[in-house]
Amino acid sequence: MSLLHQRWPGLDLGHVALGTAPSPVRRLDGLIDDIDLWIKDESRYGDGAWAGNKVRKLEWIIPEAARRGTNTLVTVGGIGTHWGLACALYGREHGLSTVLGLVDQPVDDHVRQQLARLEASGAQIHRYAGVRQLRRAAPWLIASNIRRGRLPWYLPAGGSNPVGSLGYVETALEISAQVRAGDLPEPATVVTAIGSGGTAAGLALGLKLAGLSTRVFGAVVNDSFPLDAPVIARLATRTASLLSARGATDLPSVGAADLVTADDWLGTTYGDPTPASTGMVERAARLGLALEPVYTGKALAAIADRARELPGPVLWLNTHGPR
Ligand SMILES: *Cc1c(COP(=O)(O)O)cnc(C)c1O
């Protein structure tokens, strides 16, 4: 049973376990000096052909789709989207079709491989040169699927609506249980990349709910839409409202002061493989960690740059999950 359902037994939300909880935590030595660094490894969280942070969101999105009587998930992302792939693979296992609107992004080997996986996933794919073209086409994407007798549910990029964000409220409760069990010290800071905000928003709400004083530090890696602290706090607040509407009580309020965001490691745009990011990916590979330069490399570059200022212990969330 989910930790959220253990806390509120009458909670009127569906949950399907798609991975084995809790994901492991351990000290991460030898990667960044001058810091008490821990890792929570989401890279194996999943039971199918993909793992990582998007699987946590789908644990709540898939049952909610059933509740809404939806048979088609419509969503958007870059041509290397981890979210779109997780949606297509896990949706298919649960009888849902996926329609993807994909925007071009800088292409490297990782993106090329992702695109091949997307094309093999059975998802219906529509490609656009830029975000503007995709925005113009989005209503058509939805309408054409209704005409074909499908009942689409539109999910924003990264699955970062309040339902998806529940995945990281749950994960924050998991971190709290691991702290209580003595698996790691109470972190002063949890670090994640911010691509669409659901991970950071869920964590900010969940850590407060768990009574931890841990702060979220998010390295913003996407410039397609605003993802600063007030935006993330608003998503956390909408997630809290969803929980109360479904029977949860005594929810804390989350404000912009509850988290820190910075986009110093973004580079020129979303997907730009900066030297700092690719450097961290190479260093991590020597420790046996398979990362990528779009999210996880940039989150680690942020930790390396801020090692002396970030309050420790620091818990880094490894959000990347290739299989
Ligand atoms: C999507 C993604 C993120 C960012 O999570 P959001 O909830 O979209 O902010 C971080 N790391 C990886 C590997 C991702 O695929």
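Check the entry above for the structure.
Residues numbered from 1 in each chain as written. Predicted model: local features only at pLDDT ≥ 70, side-chain atom pairs only at ≥ 80, totals over all residues. Heavy atoms only, no water.

A. Quick look at the layout of surface pockets. One number sums up the size of the largest pocket: a volume of about 980 Å³. If you trace the largest pocket, you find 49 residues lining it, with Ala 157, Gly 195, Asn 222, Ser 224 and Phe 225 closest to the centre. Contributions of two or more residues to the lining of the largest pocket are made by α2 (53-67), β4 (72-78), α3 (82-93), α5 (131-147), β8 (189-194), α7 (198-209) and α8 (229-245). Here the lining of the largest pocket gets five residues from one element, more than from any other, and that element is α8. Partitioned by chemical class, the residues of the lining of the largest pocket number 21 nonpolar, 20 polar and eight charged. What the second largest pocket holds in volume is close to 200 Å³. For the second largest pocket, the lining is made up of 16 residues, of which Met 1, Ser 2, Leu 3, Ala 21 and Glu 170 are closest to its centre. Contributing elements (two or more residues each) for the lining of the second largest pocket: α1 (3-7), α2 and α6 (162-180). The element best represented in the lining of the second largest pocket is α6, accounting for four residues. (1 Å grid on protein atoms, 1.4 Å probe; cavity = no way out; pocket = protein on both sides within 12 Å on 5 of 7 lines; lining within 4 Å. Points joined across faces, edges and corners; volume = space filled by probe spheres on them. Helix = DSSP H or I, 4+ residues; strand = E, 2+ residues; numbered from the N terminus. Nonpolar A, V, L, I, M, F, W, Y, C, P; charged D, E, K, R; others polar.)

B. Summary view of empty space enclosed by the protein. All chains considered together, the criterion is met by one cavity of 30 Å³ or more. Together, Gly 80, His 82, Gln 105, His 110, Val 111, Tyr 270, Glu 292, Val 294 and Tyr 295 line the largest cavity. Residue classes in the lining of the largest cavity are distributed as four nonpolar, four polar and one charged.

C. A look at the packing of α6 against α8. It is at 9 Å that the axes of α6 and α8 come closest, and there the two elements cross at 90 degrees. Classified by the angle between their axes, α6 and α8 sit roughly perpendicular to one another. Every residue of α8 that contacts α6 at Pro 162, Val 163, Ser 165, Leu 166 and Val 169 is listed here: Leu 235, Arg 238, Thr 239, Leu 242 and Leu 243. Taken together, the residues that form the contact of α6 with α8 break down as seven nonpolar, two polar and one charged. (Axes fitted to C-alpha atoms, helices over the stretch in contact; angles between N-to-C directions. Parallel < 35°, antiparallel > 145°, perpendicular 65-115°, else oblique. Contact = heavy atoms within 4.5 Å.)

D. Highlighting the pattern of salt bridges. Using the criterion set out here, one finds 15 salt bridges in the structure. When the shortest N-O distance is used, the salt bridge between Asp 104 and Arg 127 registers 3.1 Å. With a gap of 23 residues between them, Asp 104 in the loop between β5 (97-103) and α4 (109-120) and Arg 127 in strand β6 (residues 124-128) connect regions that are remote in the sequence. Exposure remark for Arg 127: the relative accessible area of 44% places this residue in the partly exposed category. Ionic pairing is found between Arg 306 and Asp 264, a salt bridge with its closest N-O pair at 3.3 Å. Taken together, the positions of Arg 306 in the loop between α10 (296-305) and β11 (314-318) and Asp 264 in the loop between β10 (259-262) and α9 (275-286) put the pair 42 residues apart, joining distant regions of the chain. Residue Arg 306 is classed as partly exposed on the basis of its relative accessible area of 22%. Residue classification places Asp 264 among the exposed positions, given a relative accessible area of 52%. (Salt bridge = Lys/Arg side-chain N within 4 Å of Asp/Glu carboxyl O. Buried < 20%, exposed > 50% of the residue type's maximum accessible area, 1.4 Å probe, protein only.)

E. Geometry of the packing of aromatic side chains. One pass over the structure, following the stated rule, counts two aromatic pairs. Taken together, a centroid distance of 6.2 Å and an interplanar angle of 65 degrees make the contact between Phe 217 and Trp 265 edge-to-face. Here Trp 265 lies in the loop between β10 and α9 and Phe 217 lies in strand β9 (residues 215-220), a separation of 48 residues in the sequence. Here Phe 217 and Trp 265 have matching classes, each one buried. Relative to Tyr 295, the ring of Tyr 270 has its centre 6.1 Å away and its plane inclined at 65 degrees; by these criteria the two rings are edge-to-face. With Tyr 270 in the loop between β10 and α9 and Tyr 295 in the loop between α9 and α10, the pair connects residues that are 25 residues apart, well separated along the chain. Both residues of the pair, Tyr 270 and Tyr 295, count as buried. Just above the ring of Tyr 45 sits the side chain of Arg 56; from NZ or CZ to the centre is 3.8 Å. (Phe/Tyr/Trp six-rings, centres within 6.5 Å; stacked < 30°, edge-to-face > 60°. Lys NZ or Arg CZ within 6 Å of the ring centre and 35° of its normal.)

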